[in-house]
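# Coordinate analysis (summary)
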Amino acid sequence: MNNFQITIYGAKDSQVHPEIKRVAESIDYQPYDIEQMIEPLPKTPNVILCYPPTEEISSLELAQTLRSVYPETSIFFISLNKSTFDKKRLIKNGFTQAFLLPWEKADLLRAMNYESIYSVLPELRDYKAIKVADLKPGIVLDFALKVYLPRSNKLLPFSHEGDPISEDKFEKLKESNLNTLFVKKDGVEKFRAYTANVLKDLMKPGALSETDKQDKLENCVRDLISDMFIEDSKENTFAASQVLLTEVKEIIDILVEDANKDVSQKVSLLINQEQNFYLHLSNVSTYAGLFAMVLGMPNPQEVALAGLLHDIGKINLPPEIAEIPEDQLTATAKEAYKKHPDFSIDIIKLRRIVLPDSSLKAIAQHHEALNGTGYPKGLSGPKICKEARVLAIANAFDNLTSIHQGKLALTPREALLKLLDDNMTKSMELDLEMLKKLKTLFIK
Ligand SMILES: [Fe+2]
Ligand SMILES: [Fe+2]
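Everything quoted here is computed from the prediction, not taken from an experiment. (Residues numbered from 1 in each chain as written. Chains lettered and ligands numbered in written order. Predicted model: local features only at pLDDT ≥ 70, side-chain atom pairs only at ≥ 80, totals over all residues. Heavy atoms only, no water.)

Further remarks concern the sheet that holds strand E4 (residues 74–79). Taken together, the five strands give an open sheet; going across it, the order is E2-E1-E3-E4-E5, and neighbouring strands pair in parallel fashion. Two strands bound the open sheet, and with one partner strand each, they are strand E2 (26–30) and strand E5 (97–100). Across the sheet, the mean angle from the axis of one strand to that of its neighbour is 20 degrees, orientation sign disregarded. With four bridges connecting them, strand E3 (residues 47–50) and E4 associate as parallel partners. Paired with Ile-48 across the two strands is Ile-75, which belongs to E4. (Pairing = 2+ DSSP bridges. Helix = DSSP H or I, 4+ residues; strand = E, 2+ residues; numbered from the N terminus. Axes fitted to C-alpha atoms, helices over the stretch in contact; angles between N-to-C directions.)

The following block contains the structure:
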């Protein structure tokens, strides 16, 4: 039986979020006492969580100390203070990951869930998740593929080394809504060579596989935003933001210029995932770029860029608001929440991030509604730019097609039908003409 054990340093039971406690089967609380800390615990925990330490020890010393006692264990640092949070330094000094709560709570829970799966299925650590969309039927694969079944917690063979995936099996895979398969880490090089080969046949020099693209986009957003959390290093952030933005632009360029590929297939790759802040941004960016392209707009890259940054203003919301889902906010909290599009623009200006005007406008207007009921300005009709309309659709689309707190997501088809239906009968918030055109992507 699974006995997933967590050791928590520097917090009392009452300070630990119930959702965090729910992942663990047993929790052991330890004080920050150096003498005690350097003695290994009788049973090595599956995960160690560290809350901010007291004056006697700094976070960096803490990282180094615990890492030396537990070289193999995942040690997560949890911070509740945005101004002193320096993710890169914390990780450099020994923490496996560092999370700023409440913004990164979903990431922390995801990381802990993975650890709990590893505790019963240790071999999964040796595998890398790859995107089904990178595979082509009929080509011999010189690496084996496995499929992970969450209900029974099993990793089963999907195809063997030297086998091609038959057309038949490939069709079934597409129908099953399964986006991910697993390759053993020592086979990843072969997988990369295979995707490079497939892409070469499609005449796309320099193209990235879907697996690498998503990893890269999500990591870029993560780096970009974790730099913004550090309040007192504006100079650094400016240079870093420019580098990251250039990198992000490149990815987006590849993504939207590559119009030969089936857009609906690309979208179906991204749905059905547990949403977190970073994934939401990278998904909305992708959807907004693709939708703008399908709608024949001249600047899909600029719309995608807006998607990437549209919600960064949320990091300036008070923590108690950032933690609650939007539809559960009290009236006062909702008023504060409505400022986040403006905060996004403030951060972009403060960090001197250079964006095209259309991207800035789209960010500022992404919650405006055509019938005038939106925020922050309550603009209506023609006052809302096209880019913002696409962004609003991409935002709603991602919310419907992502998993929230275990709740099942809609398929792209269901999501578009719902958006169309809501906007025809209940409200007129989104652009109906755009929705009708986008519908044809998923419903022939
Ligand atoms: Fe937003
Ligand atoms: Fe959003």
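With that settled, consider the coordination of the iron ion (ligand 2). Note on metal sites: the ideal angle is 109.5 degrees for four tetrahedral donors, and 90 or 180 degrees for six octahedral donors. Within the protein, the atoms that donate to the iron ion (ligand 2) are His-280 (NE2), His-310 (NE2), Asp-311 (OD) and Asn-395 (OD1), at distances of 2.1 to 2.3 Å. Considering all four donor atoms around the iron ion (ligand 2), the spread of angles at the metal, 79 to 176 degrees, places the coordination shape in the irregular class. Mapped onto the polypeptide sequence, the residues donating to the iron ion (ligand 2) form the spacing pattern H-x29-H-D-x83-N. (Donors = N, O, S within 2.8 Å, 3.2 Å for Na, K, Ca; no water. Tetrahedral: all angles 85-135°; square planar, octahedral: opposite > 155°, others 65-115°.)

What follows covers the coordination of the iron ion (ligand 1). Bound to the iron ion (ligand 1) on the protein side are Asp-311 (OD), His-340 (NE2), His-366 (NE2) and His-367 (NE2), at distances that span 2.2 to 2.3 Å. Note that the iron ion (ligand 1) binds four donor atoms; their angles at the metal cover 84 to 174 degrees, and the shape is irregular. Mapping the donors of the iron ion (ligand 1) onto the primary sequence gives the spacing D-x28-H-x25-H-H. Separating the iron ion (ligand 1) from the iron ion (ligand 2) is a distance of 3.6 Å, and Asp-311 supplies a donor atom to each of them. Taken together, the residues His-340 in helix H15 (residues 340–350) and His-366 in the loop between helix H16 (357–364) and helix H17 (386–401) connect sequence positions 26 residues apart. Accessibility expressed as a relative area gives 2% for His-366, which makes it buried. (Buried < 20%, exposed > 50% of the residue type's maximum accessible area, 1.4 Å probe, protein only.)

This part covers the pattern of salt bridges. What the rule picks out here adds up to nine salt bridges. Among the salt bridges present, the one from Lys-105 reaches Glu-19, with a minimum N-O distance of 3.2 Å. Here Lys-105 is found in helix H5 (residues 105–120), whereas its partner Glu-19 is found in helix H1 (residues 18–23), with 86 residues between them in sequence. Accessibility expressed as a relative area gives 13% for Lys-105, which makes it buried. Glu-19 sits in the partly exposed class, given a relative accessible area of 24%. (Salt bridge = Lys/Arg side-chain N within 4 Å of Asp/Glu carboxyl O.)

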